[in-house]
Amino acid sequence: MRITGGRCGGRRLDAPKGINTRPTSDSHREALFNIVDNGLGHSYPHVLDLFSGSGALLAEALSREANFAVAFEKDREAAKCIQKNIEALRNEIDFEFIQLHEAKIERWPEALAKILPDDFKGFDLVLCDPPYSRGLGERALRALLSSEGIVADTAIVYLEAAKEDPVPGFLHWELVKERQKGVSRQLFYRRLKA
């Protein structure tokens, strides 16, 4: 597993041992960021990574553009792997990174409110790659998207789901891009303009 682009392109990444984590493949990450960077032409200095796993999506974002990142991951082995992968990037690029271990999805907005700077304008990119077919991504995004000041009005929200899972809809957000590959579906959302 390697970072596919940006300042740290080609750098190897570690993956947690065992079957509890499903790291996003290099080709999926590359496709995701090609869509965000080129297809949607979106800038993302502030990134939130939910169900972070190995931290591969976050490492990719930091390599390409992000300079402030927060990750949620409750599995302790995966959290150690995230820390190792992100710290390896510090030799090459400068950024601020915060890792949270909150297990209850409904508490994530409260946990973020405690650590975000007072002048924070919201995350520009939200990455959500949960375990498939359990409704976790939809629950997490509903909690965050309905909370004031966490997600920027101009943000892109990415959700990865199993191909057979229903496509969720979120109040005041529209699905702007959908891509299927193998057993998964990549969904990109943007806030509806008032």
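Everything numeric in this text was worked out from a predicted model, so none of it was measured.

With that out of the way, let us pick up helix α2 (residues 56–64). In terms of residue burial, α2 counts as a mostly covered element, since nine of its nine residues are buried. For α2, the set of buried residues is A56, L57, L58, A59, E60, A61, L62, S63 and R64.

Every buried residue of helix α4 (residues 108–115) is listed here: W108, P109, A111 and L112. One face of α4 carries all of its buried residues, which in axial projection span an arc of 160 degrees. α4 presents A113 and K114 as exposed residues on the side facing more than 90 degrees away from its buried surface. Summarising the contacts, the buried residues of α4 are in contact with β1 (46–50), β2 (68–72), β3 (96–100), β4 (123–128) and α5 (136–145).

Okay, the environment of R7 next. Relative to the helices and strands, R7 is located in the segment before α1 (26–39). Expressed as a C-alpha distance, the spacing of R7 and I93, which sit 86 residues apart in the sequence, is 7.7 Å. Setting aside its immediate chain neighbours within four residues, R7 contacts L62, S63, R64, E65, A66, E92 and I93. A distance of 2.6 Å separates the side chain of R7 from the backbone oxygen of L62, its partner in a polar contact.

Okay, the sheet that holds β1 next. Read across the open sheet, the seven strands follow the order β3-β2-β1-β4-β5-β7-β6; overall the sheet is mixed. Pairing within the sheet leaves two strands with one partner each, and these edge strands are β3 and β6 (173–181). With direction set aside, neighbouring strand axes in the sheet form an average angle of 15 degrees. Here β1 runs beside β4; their pairing, made up of four bridges, is parallel. Paired with L48 across the bridge in β4 is V126.

Our next topic: the side chain of E160. In this fold, E160 is placed in strand β5 (residues 151–162). Among the polar contacts made by the side chain of E160, one reaches the side chain of Y132 at a distance of 2.6 Å.

Next up on the list: the pairing of β5. On any regular strand, side chains alternate: one points to one face of the sheet, the next to the other face. Counting buried positions over the twelve residues of β5 gives ten, a clear majority of the element. Here β4 pairs with β5 via five bridges, running parallel. Its bridge partner being in β5, L127 is matched across the sheet by Y158. Assessed by its sense of winding, the connection that carries the chain from β4 through α5 to β5 is right-handed. In this structure, β5 lies alongside strand β7 (residues 184–191), joined through seven bridges in antiparallel fashion. Following the sheet pairing, V157 is matched in β7 by Y189.

Parameters at a glance
Residues numbered from 1 in each chain as written. Predicted model: local features only at pLDDT ≥ 70, side-chain atom pairs only at ≥ 80, totals over all residues. Heavy atoms only, no water. Buried < 20%, exposed > 50% of the residue type's maximum accessible area, 1.4 Å probe, protein only. Helix = DSSP H or I, 4+ residues; strand = E, 2+ residues; numbered from the N terminus. Arc of directions from axis to C-beta. Contact = heavy atoms within 4.5 Å. Polar contact = N/O pair within 3.5 Å; in protein donor to acceptor, adjacent residues only side chain to side chain. Pairing = 2+ DSSP bridges. Axes fitted to C-alpha atoms, helices over the stretch in contact; angles between N-to-C directions. Right-handed = clockwise from strand over helix to strand, strands pointing away.

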